Amino acid sequence: MIKVDNVTKTYEVNKISFNALEGVNLNVNRGEALLLRGHSGSGKSTLLSILGGLLKPTLGKVEVNGISLGKIPDDHAALFRRAHVGFIFQKYNLISDILVFDNVIAPLLPTDISFKECALKANTAMKIANIFHKKDQKVLTLSGGEQQRVAIARALVHEPLVLLADEPSANLDPNLTKDFLNEMEKIKKMGKTIVIASHDEILFNSSLFDRVITLEKGKICDFN
Ligand SMILES: Nc1ncnc2c1ncn2[C@@H]1O[C@H](COP(=O)(O)OP(=O)(O)OP(=O)(O)O)[C@@H](O)[C@H]1O
Ligand SMILES: [Mg+2]
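Residues numbered from 1 in each chain as written. Chains lettered and ligands numbered in written order. Predicted model: local features only at pLDDT ≥ 70, side-chain atom pairs only at ≥ 80, totals over all residues. Heavy atoms only, no water.

(A) Fine view of the overall build of the protein chain. Counting its secondary structure elements, the protein chain contains seven helices and ten strands. Dimensions of the protein chain along its principal axes, counting C-alpha atoms only, are 50 × 40 × 35 Å. Burial analysis of the protein chain (224 residues in total) assigns 50% to the buried set. Across the protein chain, the fraction of contacts at a sequence separation of at least 24, relative to all contacts at a separation of at least 6, is 69%. (Helix = DSSP H or I, 4+ residues; strand = E, 2+ residues; numbered from the N terminus. Buried < 20%, exposed > 50% of the residue type's maximum accessible area, 1.4 Å probe, protein only. Contact = heavy atoms within 4.5 Å.)

Below, the structure written as structure tokens:
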């Protein structure tokens, strides 16, 4: 499902080059749940962004669901994201003064699917993410955990095979983190491939993950 082959991502700041990722190799099978851990600055968000087609690698190859992302033009990358991946951002990136329903349906509106079908898909995604009962409320009236469930619904609405989440428990208390993990178990059972970046101990001990991978200074330092 995901193939990362010798990927390096170089940033240049003040004319100094810096490798945020260096020679990363990684395969994730369909239906697998993978936890990406590592200290702050180790490259977790960079790697997730590359898997989601939000950033391009400087060197190396990346393939997600058969699509090669290494040199994909930006407009194709946007189409790729719409078709293949759901991304749950650390800050959720929701529009807070519009309804939950409108946030969730938004990714479908630029497509040629009829509004009626979009609404059905949005309702289904909200039910999966356990936020359907709040569909007619503005996001700004929701708690942090509820907002995250809106972000999950929005990430699922186009039925992607791959779900990526960056520090999903950063704004949650331990009980809500457990709820989040239960949601992810449900989504995993639907056959989705899940990659989550986190440095939260609660996630390290979760049975959700088939594999935990540690990044250190842009390199994968162990497998288990
Ligand atoms: N746009 C950018 N320009 C220059 N350097 C960057 C850029 N984005 C990230 N970096 C650097 O790349 C390294 C990896 O950053 P990244 O955000 O991937 O780390 P992370 O593991 O997600 O950290 P955290 O746990 O704090 O979220 C960091 O040293 C960061 O400063
Ligand atoms: Mg990060």
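Let us keep going from here.
(B) Focus on the site of ligand 1. In the vicinity of ligand 1 there are 14 residues, among which S40, G41, K44, S45 and T46 approach most closely. Within the backbone of G41, an N or O atom sits 2.8 Å from an oxygen atom of ligand 1. Out of a free accessible area of 640 Å², ligand 1 has 63% covered by protein chains. Counting residues per element, the ones that place at least two in the shell around ligand 1 are β1 (2-13), β2 (16-28) and α1 (44-51). For the shell around ligand 1, the element with the highest residue contribution is α1, accounting for three residues. (Near = heavy atom within 4 Å. Polar contact = N/O pair within 3.5 Å; in protein donor to acceptor, adjacent residues only side chain to side chain. Areas by Shrake-Rupley, 256 points an atom, 1.4 Å probe, with all protein chains shown as cover.)

(C) Broad picture of helix α4 (residues 115-128). When the terminal C-alpha atoms of α4 are compared, their 20 Å separation across 14 residues agrees well with the 20 Å that a helix rising 1.5 Å per residue should span. Structurally, α4 contributes buried residues whose contacts are with α3 (100-105), α5 (144-156) and α6 (174-189). Once α4 finishes, N130 follows within two positions and takes phi at roughly 65°, a positive value. (Expected span 1.5 Å × (residues − 1).)

(D) Expanded view of unusual backbone geometry. Here K15, not a glycine, exhibits a phi torsion of approximately 65°, which is positive. With respect to the helices, strands and loops of the structure, K15 is situated in the loop between β1 and β2. Here E159, not a glycine, exhibits a phi torsion of approximately 55°, which is positive. Here E159 lies in the loop between α5 and β7 (162-166).

(E) Representation of the environment of S68 in the model. Assignment of secondary structure puts S68 in strand β5 (residues 67-68). Counting along the chain gives 113 residues from S68 to L181, while the straight-line C-alpha distance between them is 30 Å. Leave out the neighbours within four places in its chain, and S68 touches V62 and E63.

(F) Fine view of the nonpolar core. Core analysis: the largest hydrophobic core is formed by 41 residues, its most contacted members being V104, M184 and I196. Only β3 (33-37), α3, α4, α5, β7, α6, β8 (193-197) and α7 (201-204) provide two or more residues apiece to this core. Discounting residues that sit within four places of it in the chain, M184 has contacts with I88, I152, L163, I194, I196 and L208. V4, V64, V162 and A197 belong to the second largest nonpolar core, which has 28 residues in total. (Core = buried A, V, L, I, M, F, W, Y, C linked by side-chain atoms within 4.5 Å.)

(G) A look at the packing of aromatic side chains. Scanning the model with the defined rule gives one aromatic pair in all. In this structure, R37 packs its charged tip against the face of F204, placed 3.8 Å from the ring centre. Looking at K127, its charged tip hangs above the ring of F132, at a distance of 4.7 Å from the centre. (Phe/Tyr/Trp six-rings, centres within 6.5 Å; stacked < 30°, edge-to-face > 60°. Lys NZ or Arg CZ within 6 Å of the ring centre and 35° of its normal.)

(H) Structural context of the side chain of T8. One can find T8 in strand β1. Polar contacts involving the side chain of T8 include one to the main-chain amide nitrogen of G23, which spans 3.1 Å. Non-local contacts of T8, meaning those with residues more than four positions away in its chain, are made with N19, L21, E22, G23, P57, T58 and L59.

(I) Region of the structure containing α6. Between its terminal C-alpha atoms α6 stretches 23 Å, which fits the 22 Å expected from 16 residues at 1.5 Å a residue. All buried positions along α6 are accounted for by T177, F180, L181, E183, M184, I187 and K188. Buried residues in α6, looked at end-on, bunch into an arc of 160°, giving them a common side. For α6, the exposed residues set more than 90 degrees away from the buried face come down to N175 and K189. Remark: G191 follows α6 within two positions and exhibits a positive phi of approximately 95°. (Arc of directions from axis to C-beta.)

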